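Residues per chain, in single letters:
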Amino acid sequence: MSPQPKPMTLDEFHVIFEQVKNWGRWGADDQHGTLNLITPEKRRQAASLVQEGVTVSAALPLATEPGPWNHAPVVHLMVQAGDMEEAHSSSDYFAIAPHGLFHTHLDALCHYFYRREMYNGRPASMATSRGATVNSIETAQDGIVSRGVLLDIPRLKGIEWLEPREAIYPADLEAAEEAANVRVEEGDILLVRTGRHRRLEHVKDWGLMDGLAGLDVSCGPWLHQRGVAVLGSDGVSDVFPSPLESGRLPVHLLALPAMGMLLIDNCQFEPLGDACAQRERWEFLLTIAPLKLLRGTASPVNPIAVF
Amino acid sequence: MSGDPKPISLKELDDLFEQVNNWGRWGEGDERGALNLITPEKRRKASALMQDGDVVSAALPLATQLAPENPSPVGHYMVRAGDLPGDSCADYFAIAPHGMANTHLDALCHYFYHGKMYNGVPASKVTSRGAEANSIEVALDRMVGRGVLLDVARALGRDWLEPGEAIYIEDLEKAEAAQNVRVEEGDILLVRTGRFRRRAQLGGWSPTSGLAGMHGTCMPWLHSRGVAALGCDGVSDVIPSGVEGGGVPIHTVAIPGMGLHLIDNCDLEPLAKACEEKARWEFLFVVAPLKLVKGTASPVNPLAMF
């Protein structure tokens, strides 16, 4: 199997888009998409996975330094500080553009348009210059709590990380399932580790133009069939450069507008991968608490796994 | 009994500080403070409270409109939008988390007492480039445990406490008795004053002119019960506080003295309703602050799970 994805035409892509589309599945007005697959029973079962009471965060620091991955660094300004005369308190101010390639964030369903439409056939024009009036991040404001499953592709292949541009195929996901003795099921939050941040520790001279590992477009129908509720990655789920004729990101397009599946981009899976490997257990309670950003297209998040 | 806050002199405030002081208790370099009381065992037991699979958020929307309680609204700018050419939308948020409008978690560097932060670290460690110690990063994945809501307004048979009305230890214990729950070591305690029910019915007001909350004399009780973190629909402190010269003693004493993380401006209305319906005021509670490097606070969306 080729590590780099095959080029794909827009016509070929459209067939897959139609195949995985969930429009109308949960009603004409639905804005929750695959979050509908997380039932109270699913959450209850997820809580029963807590056996030790140990927590692991999957968030990167919100980076304030610009770099090849971080063209929109977080701005952090101190309003009051302790090195000022007679200070009694400290406070600050943050400016955050959550999207991009370096901040751990949850994409709202409005984030990507396909042929000028969002999830459930809503016109792109409803995501206005004053904010998204449908499919905004508010739809996840009561939190996302379910079973998290980490498929650690490099570890299960016995390597440190996937190389940039390397694609993950359904066969890789299934091999990882088998090695981890876990099966991705309906309502799961699926996390896919590529080893990006381990590689970043070792390879400094690396930017987006060199490529990024991620899921091949053929994983779209697999995610759909398994009933994945939310997909997270230490990259952005997609492979760079994109194999799609237009250069757009096919996994983003299949997840957000077609399936209505929220994505968590740029997770930090190094501590979580280690925690899973130590326990030989790749499932856990996972909580994601997006901020209540009205009409927002994303939220920075701190996903917390509990073992 | 709740009522106008009893005066607290600066000498009494110093005494309160000494009574609740946790400096050195978890080692010299400790920055977690009372969060140390949330043990893995505590978390394990808390997770067993999730029996229905229901989740309730305790966050207000991050308010983008100017209001008496919100002098520095969140800025929200669209970087790309669907009424413009292009195939995606994206945005940008500017957030000053402190104050009385947004649900946020205070880091232990937020208040100084006689020039010192929690564990005796000098205030000067919070520089104009950020907090070098006791920053919000400490709480990253620590705040998973049992949450307990003490619905004081309900226990007193009222829709809400009036602005400036103080809660005393006996009120907290009255709520415990009414709800048949006891606040224990390692709990994340939430105290409801009914602020947002009042706002929904009567409209907003400036909380600096009066806000219900706990009197400073509740601190030794919080300390003896081993509260790990404290949240409120106000800012925990009653305003005005009764402290000589003004001030917010739970902020100025409990944050640096006890090492107590505070969650200010929670929306406890949906949570109070859920608790009442289930006749259960304890739940698995998760607060997931953003990893804001050297930050003094984070906006949060606390989640209660039943």
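Higher on the page you've got the structure.
Residues numbered from 1 in each chain as written. Chains lettered and ligands numbered in written order. Predicted model: local features only at pLDDT ≥ 70, side-chain atom pairs only at ≥ 80, totals over all residues.

## Some words on the sheet that holds strand S15 (residues 303–305) of chain B
Residue and element names in this part refer to chain B. Stated formally: Two strands pair if DSSP finds at least two bridges between them. Each helix is a run of H or I in the DSSP string that is no shorter than four residues. Each strand is a run of E no shorter than two, and both are numbered from the N terminus. A fitted line through C-alpha atoms represents every axis, and for helices the fit uses only the stretch in contact; the resulting angles, taken between N-to-C directions, go from 0 to 180 degrees. Two residues qualify as a contact pair if the distance between their C-beta atoms, derived from the backbone, is within 7 Å.
Ordered by their spatial adjacency, nine strands build an open sheet running S1-S15-S13-S7-S9-S11-S12-S4-S14, and the pairing between neighbours is mixed. This sheet does not close on itself; its edge strands, each paired only once, are strand S1 (55–57) and strand S14 (297–299). If you compare each strand with its neighbour and ignore which way they point, the axes differ by 25° on average. Bridge analysis of S1 against S15 gives three bridges, and the strand direction is antiparallel. Directly across from Val56, in S15, lies its bridge partner Ala304. In the packing of helix H8 (residues 269–278) onto the sheet, the strands contacted are S1, strand S7 (144–151), strand S9 (188–192) and S15, and the crossing angle to S7 comes to about 85°.

## Considering the pairing of strand S9 (residues 189–193) of chain A
All names here are of chain A. Short version of the rule: Each residue is classified by how many other C-beta atoms fall within 10 Å of its C-beta atom, where C-beta atoms are placed from the backbone; a count of 20 or more means buried, 12 or fewer means exposed, and values in between mean partly exposed.
Of all five residues that make up S9, five are buried, and the element is covered over most of its length. Across the two faces of S9 the burial is the same, with Ile189, Leu191 and Arg193 and Leu190 and Val192 all buried. Pairing between strand S7 (residues 144–152) and S9: five bridges, direction parallel. Across the sheet, residue Val149 finds its bridge partner in S9, namely Leu190. Strand direction decides the pairing type here: S9 and strand S11 (residues 230–233), joined by four bridges, are parallel. Within S11, the position partnered with Leu190 by the bridge is Leu231.

## Notes on the interface of chain A and chain B
Convention followed: Asp, Glu, Lys and Arg are counted as charged, while Ala, Val, Leu, Ile, Met, Phe, Trp, Tyr, Cys and Pro are counted as nonpolar; the rest, among them Gly, fall into the polar class.
On the chain B side, the residues contacting the 67 residues of chain A number 68 residues. Breaking the side of chain A that touches chain B down by element, the ones donating at least two residues are helix H2 (40–47), strand S1 (55–57), strand S2 (75–80), strand S3 (91–96), strand S5 (127–128), strand S6 (131–132), strand S13 (283–288) and strand S15 (304–306) of chain A. Among the elements that make up the side of chain A that touches chain B, the one with the highest residue count is S3(A) (six residues). For the side of chain A that touches chain B, a count of residues per class yields 35 nonpolar, 23 polar and nine charged. Sheet analysis places S3(A) next to strand S3 (residues 90–95) of chain B, joined by three bridges and oriented antiparallel. Each residue of the ladder has a partner; that of A:Phe94, found in S3(B), is B:Ile95.

## Here we look at the sheet that holds strand S14 (residues 298–300) of chain A
All names here are of chain A. The strand order across the open sheet built from nine strands is S1-S15-S13-S7-S9-S11-S12-S4-S14, with neighbouring strands paired in mixed fashion. Of all strands in the sheet, those with a lone pairing partner are S1 and S14, marking the two edges. The mean inter-strand angle of the sheet, taken between neighbouring strand axes irrespective of direction, is 25°. Alignment of S1 against S15, held across three bridges, turns out to be antiparallel. Following the sheet pairing, Thr55 is matched in S15 by Val306.

## Details of the environment of A:Gly211
All names here are of chain A. Assignment of secondary structure puts Gly211 in the loop between helix H5 (196–202) and strand S10 (214–215). Given 16 C-beta atoms within 10 Å, Gly211 falls into the partly exposed group. Along the backbone, Gly211 and Ala46 are 165 residues apart, and their C-alpha atoms lie at a distance of 35 Å. Excluding residues that lie within four positions of it along the chain, Gly211 makes contacts with Pro164, Arg165, Phe240 and Pro241.

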